[in-house]
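# Summary of the model geometry
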Amino acid sequence: FEDKSSREGLQENKTFQIFKLIILQILSTLEVDRAILAKEMKLFYDDLHFDDFVKKDADKLAEKILENAREKQSNKGAEQENEETKEKIILSKRIEEKDEEIGALENEQKILRGMATSGIVTASFSHELGNLSGVLASRTDELIELLEEKSPQNLYQNTPDFLNPYILIEDMRKQDAKLQNWLKFSLASARKDKRRRKSIILSNYFQNFKSTWSNVLSNRMIDFSYTVDNNKLDIRAMEIDLDSVFNNLLVNSIDSFLRQKQNNKREIMLKVNTTDKEITIDYFDNGEGLSQDITDPSKIFNALYTTKRNEHTGEEIGTGLGMWLVDTIIKEYNGNVKLLYPKNKGFGIRIAFIKKYQRK
Ligand SMILES: Nc1ncnc2c1ncn2[C@@H]1O[C@H](COP(=O)(O)OP(=O)(O)O)[C@@H](O)[C@H]1O
Ligand SMILES: [Mg+2]
């Protein structure tokens, strides 16, 4: 740029002209961009809000049509509905049903959110809980050591159990072991690598499953056994999904044993079988079996369906989510579940997957 000789400003020479053009071009490019974005945003806005208007109108319309139809029905109006009105009524009914379905789904979601949150909380405190679990292992031993110095065990030979600190500490030790086991359990279930899809060898998985639950099961005198006909059999899955399926089945079996009146040997059995086409996992317990009140057994797979109630108040205490989770997870893996009715009256279920073509 060059100064004017009068110092009023810049000379309008070629450089100045080009500079002006550059500025104009930049502005026009910005304007084009702005217009493109603004147009898209307007379309998006219309799309969103148009839908709202249409929805509200449609809902009102459906409500009105149904109201009219019901009124007519109750008046036993002689006039026959014509085809078109009938069709309208069918559509309106369907809309009403859909609304109810959505309401039920929203309900499920609420419960799942609550459950998920408790999982998240455990996962975020896993470090702290892990430390706690470590302390549980040794604290009673330390206490006994200290006590031995000042008042050794033999001082209490003639003391009743409830006044004997050694006996009390022994009880505490057992409680600690249980607590530690539950902590280990919930910490393991929150582990991140369980949320990755990977190849899982079923015989390893069930071996692990059995040892995780072993304390809980032996405390309740429940015998758990499993067989896998092919030790190398693997499936691609997220471990957390397998846990959801088998933990829920197991928890239901334990519930069933606890409700059982007579005291026979409590057994849970799991059998994995493979054919050319299918992998089947049969799961049995010899508990009470499905309650007599259940007229349609397939209902137990519905979300929120539960027969578990407080004996005294009749209030529902089950969540009704276990079997629903089992069903939805297996379906997600393109499998299916089917109830089996074992002869010994317990509970049985078959999970089947189509075997995918496997490359050697
Ligand atoms: N092992 C079982 N033995 C007997 N009944 C069972 C068993 N598993 C499930 N059920 C029945 O299926 C219902 C639904 O189970 P579930 O979805 O896990 O919900 P919840 O356990 O909270 O009741 C139970 O209320 C019970 O009636
Ligand atoms: Mg359950």
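That block above? That's the structure.
Residues numbered from 1 in each chain as written. Chains lettered and ligands numbered in written order. Predicted model: local features only at pLDDT ≥ 70, side-chain atom pairs only at ≥ 80, totals over all residues. Heavy atoms only, no water.

## Digging into the overall build of the protein
Broken down by element type, the protein carries seven helices and seven strands. Going residue by residue from the N terminus, the α and β elements of the protein occur as α-α-α-α-β-α-β-β-α-β-β-α-β-β. Computed over the C-alpha atoms, the radius of gyration of the protein is 34 Å, more than 25% above the 21 Å expected from 2.2 N^0.38 for a compact globule of 360 residues. Referenced to the eigenvectors of the C-alpha coordinate spread, the extents of the protein come out at roughly 115 × 90 × 55 Å. Here the protein, with 360 residues, has 27% of them falling under the buried criterion. Of the contacts made within the protein by residues no fewer than 6 positions apart, 64% connect residues no fewer than 24 positions apart. Total accessible area on the protein is roughly 26,200 Å²; 54% of this is exposed by carbon and sulfur atoms. A gap of 5 Å separates the mean positions of the 56 positive and 59 negative side-chain charges of the protein. (Helix = DSSP H or I, 4+ residues; strand = E, 2+ residues; numbered from the N terminus. Rg over C-alpha atoms; globule rule 2.2 N^0.38 Å. Buried < 20%, exposed > 50% of the residue type's maximum accessible area, 1.4 Å probe, protein only. Contact = heavy atoms within 4.5 Å. Areas by Shrake-Rupley, 256 points an atom, 1.4 Å probe, with all protein chains shown as cover. Lys, Arg positive; Asp, Glu negative; His and termini not counted. Charge placed at Lys NZ, Arg CZ, Asp CG, Glu CD.)

## Looking at the packing of helix α6 (residues 239–259) against helix α7 (residues 322–332)
In contact at an axis separation of 9 Å, α6 and α7 are set at 150° when each is read in the N-to-C sense. The crossing of α6 and α7 is left-handed. Here D241, S244, V245, N248, L249 and N252 of α6 come into contact with α7, specifically with G322, M323, L325, V326, I329 and I330. Looking at the contact of α6 with α7 residue by residue, the classes come out as seven nonpolar, four polar and one charged. (Axes fitted to C-alpha atoms, helices over the stretch in contact; angles between N-to-C directions. Left-handed = near helix turned anticlockwise from the far one by under 90°. Nonpolar A, V, L, I, M, F, W, Y, C, P; charged D, E, K, R; others polar.)

## Observations concerning the packing of helix α5 (residues 202–219) against α6
Where α5 contacts α6, the axes come no closer than 12 Å and their chain directions differ by 40°. As far as their axial angle goes, α6 and α5 are oblique. Helix-helix and strand crossings are classified by hand; for α5 and α6 the assignment is right-handed. Where α5 abuts α6, its residues L202, Y205, F206, F209, W213, V216 and L217 lie against E239, L242, D243, F246, N247, L250, V251 and I254. A class-by-class count of the residues in the contact of α5 with α6 yields 12 nonpolar, one polar and two charged. (Parallel < 35°, antiparallel > 145°, perpendicular 65-115°, else oblique.)

## Here we look at the packing of aromatic side chains
By the definition in use, this model includes 14 aromatic pairs. With 6.4 Å between their ring centres and 75° between their planes, F1 and F16 make a pair best called edge-to-face. A residue pair is termed long-range when its members are at least 10 positions apart, and F1 in the segment before α1 (14–75) and F16 in helix α1 qualify at 15 residues. Of the residues examined, F16 reaches a relative accessible area of 18% and is grouped as buried. Among the aromatic residues, those joined into a ring-pair cluster are W182, Y205, F206, F209, W213, F224, Y226 and F246. (Phe/Tyr/Trp six-rings, centres within 6.5 Å; stacked < 30°, edge-to-face > 60°.)

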